[in-house]
Structure formats: structure tokens, C-alpha cells
Amino acid sequence: MQDAVFREIHGFYGPVKAQRFEADVYDCEVIGEIPAAVEGSLYRAGPDAFYPTLENDVVINGDGVVSEFRFTSGHVDFKSRYVKTERFLKQREARRRVYGHYRNPYSDDPSTEGTDRDNTGNTYAFFHANRLFALREDSHPHEIHPDTLETLPKWNFNGKLKSTSLTAHPKIDPVTGEWWSFGLFAHGKLNCDMMLHVIDRDGNLVRQEEFQTPYAGISHDFAVTREHVVFGIMPLTVSDDRIKSGGPFYAYDPELPACFGIMRRDGTAREIRWFEVPQCFLGHIMNGFTEGNVVHVDATISPGNAFRFYPDVNGKPTDPSHGIPTITRLSFDLSNPENTYTRTSFANATGEMPRLDERFAMAPYRYGYIKTRDGVARLDWQTMQLAVHRFADPADSAQEPVFVPRYADSPEGDGYLLFVVNRGSENRADLVILDAMNIEGPAVATVKLPFNQPGAFHGMFVARG
Ligand SMILES: [Fe+2]
């Protein structure tokens, strides 16, 4: 007999319950005034499991939902749609879960054989060359209609894409308009194959290079500067044997250093130089830039495994205190043959989901933004001061903050910070807009949703008008 379809599963009936519906809210309730600069769409993507997963599965295995706050002359309309992946449709047809653990095909119902089991499109709503995509790091992008949010076919650049995966943390070059990307486990095998991909400003795949990583570990994010590319391999390792025996997809190996591979943008992947950094785990990049011979990478760094739901390679549970991320600057000196680096943390900048004023990506910059345990914060790299917007209700929690400039050529940091806040006491969510130069102050505007929003991972603001 099969298990019951709906059961009490951690994360499914968790603090923010899976919503399991698609929404349209025309003319959302707005408190305050939407700034004239905020004209366009905030797209976000995240997981929202339509059917309960197996016990002990991870939140990143949830079905992708793309949502949009559309701002039109001070009015806001909200829309959310599941990404209609092969996996989603198959389960919907079966009216139950038929896929097993995260990236473990050995745990699936036999009826799923040969289907695209992993591509949930749940990680980043990414807009480039007038097209919207739902990204997931082990798969090809699903294209999403930017007005209806309906799912369009998967996109492989007219068959040109050689990698089976594209990172969910691409970088857009604000100068050239290029989409820089990479593919980990590039040929679908859990090994050291990795590829670099560059897409030009018109959406054409113009560069692909293959290389080998020092070991088969996670690479969730990367940095691109005006002169260099920095790949990061973290000691959350993979093993086909482990998943075959029912173990987790990733396991932390405390013996391994983090490895950072640096190449020139105008060089080749054959010239990647690998730097080893012990007791280092990188989650997300805020920005990277090159100064002379030194390449700086600003990122959320913890001393150990930041993915606390994965054990170590010996099956020991992760100590959560090892995974607390602090914004840290890693500076790699390319002029020193000893592969030296410095590691400097930003005082009190503990948090995640780092972003910046993306007009200043890849170059020296001043301001960055993170969500913290009880609010959001702005980092000023010039004064090394942290400005914090704290929530009054300890049950509130922020999602990723996204910056919108006040006008096209406004000075760096002059604009607005947009982020969803889960109102834990009300089982509801708001979109909050702060003045980014006065984030300690009250919200400029609050867009109220009559329901909650599961944690989305990453999104993008697309200006219109
Ligand atoms: Fe991410």
C-alpha cells in the first residue's frame, strides 16, 4: 500500500506552509506611496512543494513558483504561478508525490523513469535580453512568459548549450550586457566536469569552455569582475554510491579546503589558478572586483557547512554554529606565486542573500545589502558601517533584498530596497520598500498580501516605462 498523499512532513507543514495555490491579486493594498522609480516588475522564484516530499528531504527540492509584483503608476498587482515542469505535471497527473529525494533518482517511483526529475525551476527568476527564465543549478532554464508567468519550453540556446546544467547564480555585466554563467557536473555525472558559458547581450551563446575542478563539490555561486572570473568549489561533496544507498546528495568533508579558481576573462579556462582556503564555506557572492593584481570577492562565508540539513561524510550532523554566514572579503594576490590571500570579515554583518546596486557589479563599489536574522542591513565598504532596519515583531523575517535605483544615473546606493517580509504573527506577507539611503527609517511603502509567501530564493527587478 502506498503512503498517504498528505502527511505531516517537516518543511511542508512548517513555519511558512506550502501554499499550493497560484494567485492573482489585482490592485494590492498599498500603505504609503510607491516611488515613481519603482515602475516595472519584481520577479522572484522559490520552492513550494505541491505534494509532501519524503521524510528528511530538503527544502530546495520543492516545486518552483515564479511570482511577480507588477508596479504600474503607483498600483501593484501580484501574480504567482507554478513552473509547469515535467516533474510538476507528472505529479499533478498522478495526484501524489512520485519523485523521491533531492537529486536522487534511485528514490523515485518507477513510473518516472526517463523524465526530467530535478528541474524544478525553483531558484532564480532571471531576466536577460527581454526573456524571463526560472533557473535551477542542475538543469536548463525554463522560459517563463513575463506577462502571464506561464511556462514556456526549456531553453538550451537552440541546442548549442553543451552543459547539462546552468548555474542559478548568473552574473549580468552592467557594461557589456553579457550573461556570464557556468555548469557544474557539466555532463550530468557527479564528477569534476565544469564549464564556463557566456551569452552576449542579445541572448546568443558565444563562449563555452570546459575544465576540471579540484574535487567534486558544490559550486552554488561565482564572481565575475571586469578582468577575472572566480569559481568556488566548496567541501560539500557528492557521491553516486552514497545516494544509491539512500544517503544525502551532499555531505560535508571537513578535511577539504574551499578551492577558488581564478582566470582572466580574456584568458582561457586552461589557465585557471586554484587557491585553497581552509575552514571556509561560501554561500552567496555580494560582488567581486579586481584592483591591480588583487582579486576581491565579497561573500557570505562561514567556517564550516552552511547547509545545515546536510551531515558530514561520516554521517555526523552539522553543528549549526559552524554555518553562520558573515559577509567576508577574500582578497587573492595574483602577483604572489605562493597563492596567498587575506580574509577579512565585515563586523556584525551576519546574514544572507547579499545583493548590491547592480549597476556597480564587477567593479569597485560601496554599498551592499543583506537580510539579517531580524531585518535587513546595508553595508558601507567605505566607512565599514552597518545600517540596520530591524523589525518590531520578532516573528517577522525578511527575504532577499533587491535594489532599485532612484533614476538611471543616480549615485550608487541612491534608490530603494524591495523585499518580502513574512509576518509570522499573521501568517501573511508584505512587500516592503525602504529608502536605501535611510534604511533605518520607516517603510516608504508596504504592499500587503492577504496570504503568506514561502521563502523565495532569488529575484530581479525589471524596470519598465
Ligand atoms: Fe542561491
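Right, let's walk through the structure included here. (Residues numbered from 1 in each chain as written. Predicted model: local features only at pLDDT ≥ 70, side-chain atom pairs only at ≥ 80, totals over all residues.)

1. Some thoughts on the environment of Tyr106
Here comes step 1: Residue position: Tyr106 is located in the loop between helix H1 (86-94) and strand E6 (124-128).
Here comes step 2: As for Tyr106 and Asp240, which are separated by 134 residues in sequence, their C-alpha atoms are 10.0 Å apart.
Here comes step 3: Not counting the four nearest positions on each side in its chain, Tyr106 is found in contact with Ile243 and Lys244. (Helix = DSSP H or I, 4+ residues; strand = E, 2+ residues; numbered from the N terminus. Contact = placed C-beta atoms within 7 Å.)

2. Section: the sheet that holds strand E13 (residues 205-212)
Here comes step 1: Within the open sheet, the four strands sit side by side as E10-E11-E12-E13. Their pairing is antiparallel. Bordering the open sheet on either side are strand E10 (171-172) and E13, each of which pairs with just one other strand. (Pairing = 2+ DSSP bridges.)

3. What to know about the sheet that holds strand E20 (residues 281-291)
Here comes step 1: The strand order E20-E21-E22-E23 describes an open sheet built from four strands, whose pairing is antiparallel. Sheet topology places E20 and strand E23 (341-350) at the edges, where each strand pairs with a single neighbour. When the angles between neighbouring strand axes are averaged without regard to direction, this sheet yields 20°.
Here comes step 2: Pairing between strand E21 (residues 294-302) and strand E22 (residues 326-333): eight bridges, direction antiparallel. Opposite Thr300, over in E22, you have Ile327 as the bridge partner. (Axes fitted to C-alpha atoms, helices over the stretch in contact; angles between N-to-C directions.)

4. Focus on unusual backbone geometry
Here comes step 1: Of note, Met362 is a non-glycine position whose phi angle comes to about 75°, a positive value.
Here comes step 2: Looking at the secondary structure, you find Met362 in the loop between strand E24 (352-356) and strand E25 (367-372).
Here comes step 3: In this structure, Asn427 is a non-glycine residue whose phi angle is positive, near 50°.
Here comes step 4: Tracing the sequence through the fold places Asn427 in the loop between strand E30 (415-423) and strand E31 (428-435).

5. Brief notes about the nonpolar core
Most often, soluble globular proteins have nonpolar side chains that are buried together.
Here comes step 1: Counting residues in hydrophobic clusters, the biggest one holds 110 residues, and the most contacted among them are Val66, Val230, Leu417, Leu418 and Phe419.
Here comes step 2: Residue contributions to this core peak at seven residues, all from strand E16 (residues 228-238).
Here comes step 3: In contact with Leu418, other than residues within four places in its own chain, are Leu42, Val402, Val404, Leu431, Ile433 and Phe461. (Core = buried A, V, L, I, M, F, W, Y, C linked by C-beta atoms within 7 Å. Buried ≥ 20, exposed ≤ 12 C-beta atoms within 10 Å, placed from the backbone.)

6. Details of the pairing of strand E26 (residues 375-380)
Here comes step 1: By the criterion of burial, E26 is predominantly enclosed, with five of the six residues buried.
Here comes step 2: Note that E25 and E26 share six bridges and pair antiparallel. Within E26, the position partnered with Lys371 by the bridge is Val376.
Here comes step 3: The antiparallel pairing of E25 with E26 creates a hairpin that spans two residues between the two strands.
Here comes step 4: Relative to strand E27 (residues 385-390), E26 runs antiparallel, the two sharing six bridges. In the strand pairing of E27, Leu379 is matched with Leu386.
Here comes step 5: Here E26 hands over to E27 after four residues, with Met384 in that stretch at a positive phi of 60°.

Remember, this is a structural readout, not a statement about activity or role.
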